[in-house]
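Structural overview for review
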Amino acid sequence: MSAAVKYTLGRIGLFVGVLAALWFVEMSMFLRLMLALISSAALSFVLLRGWRDEMAGEMAEASDRRRAEKERLRSALAGDDRSEPAEQRREE
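Residues numbered from 1 in each chain as written. Predicted model: local features only at pLDDT ≥ 70, side-chain atom pairs only at ≥ 80, totals over all residues. Heavy atoms only, no water.

Looking at an unreviewed UniProt entry, one finds the protein named DUF4229 domain-containing protein and attributed to Micromonospora eburnea.

Two aromatic rings, taken as a pair, are described by how far apart their centres are and by the angle between their planes. Counting across every chain of the model gives zero aromatic pairs. The ring of W23 has R32 lying over it, and the distance from NZ or CZ to the ring centre is 5.2 Å. The ring of F45 has R49 sitting right over it, with the charged end atom 5.8 Å from the ring centre. (Phe/Tyr/Trp six-rings, centres within 6.5 Å; stacked < 30°, edge-to-face > 60°. Lys NZ or Arg CZ within 6 Å of the ring centre and 35° of its normal.)

Right, let's get into the UniProt feature "transmembrane region" (unreviewed entry) in the protein. Under the feature "transmembrane region" (unreviewed entry), the UniProt entry names residues 7-24 and 30-48. This span, residues 7-24, is 89% helix and 0% strand, and a straight line between its end C-alpha atoms measures 27 Å. (UniProt positions renumbered as here; feature names shortened; annotations may be inferred. Helix = DSSP H or I, 4+ residues; strand = E, 2+ residues; numbered from the N terminus.)

Attention shifts here to the nonpolar core. A3, Y7, L14, L48 and M55 form the largest nonpolar core, which has five residues in total. If you tally residues by element for this core, the top one is helix 1 (residues 3-22), at three residues. Apart from the residues lying within four places of it in its own chain, the contact partners of L14 are S40, L43, S44, L47 and L48. (Core = buried A, V, L, I, M, F, W, Y, C linked by side-chain atoms within 4.5 Å. Buried < 20%, exposed > 50% of the residue type's maximum accessible area, 1.4 Å probe, protein only. Contact = heavy atoms within 4.5 Å.)

In structure tokens form, the structure reads like this:
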């Protein structure tokens, strides 16, 4: 399961859990929902740190892959047939 899915399901689970805990407290539904939203956001900052960091790492890797592929395609379109990575060409 991807880290983004785990983190998203964790956030939703925290929200539902906090909302369930507040269900029996006497207050308006709007206030209950807002309190559950704010509380679950604060709790997720602490409790889901590992999944958040894992998700950020996956997103950074995907961004690096897209950037490298874009560079490779640009060099191929420019007629540069060398298959060296962009970093090695820049050093020359």
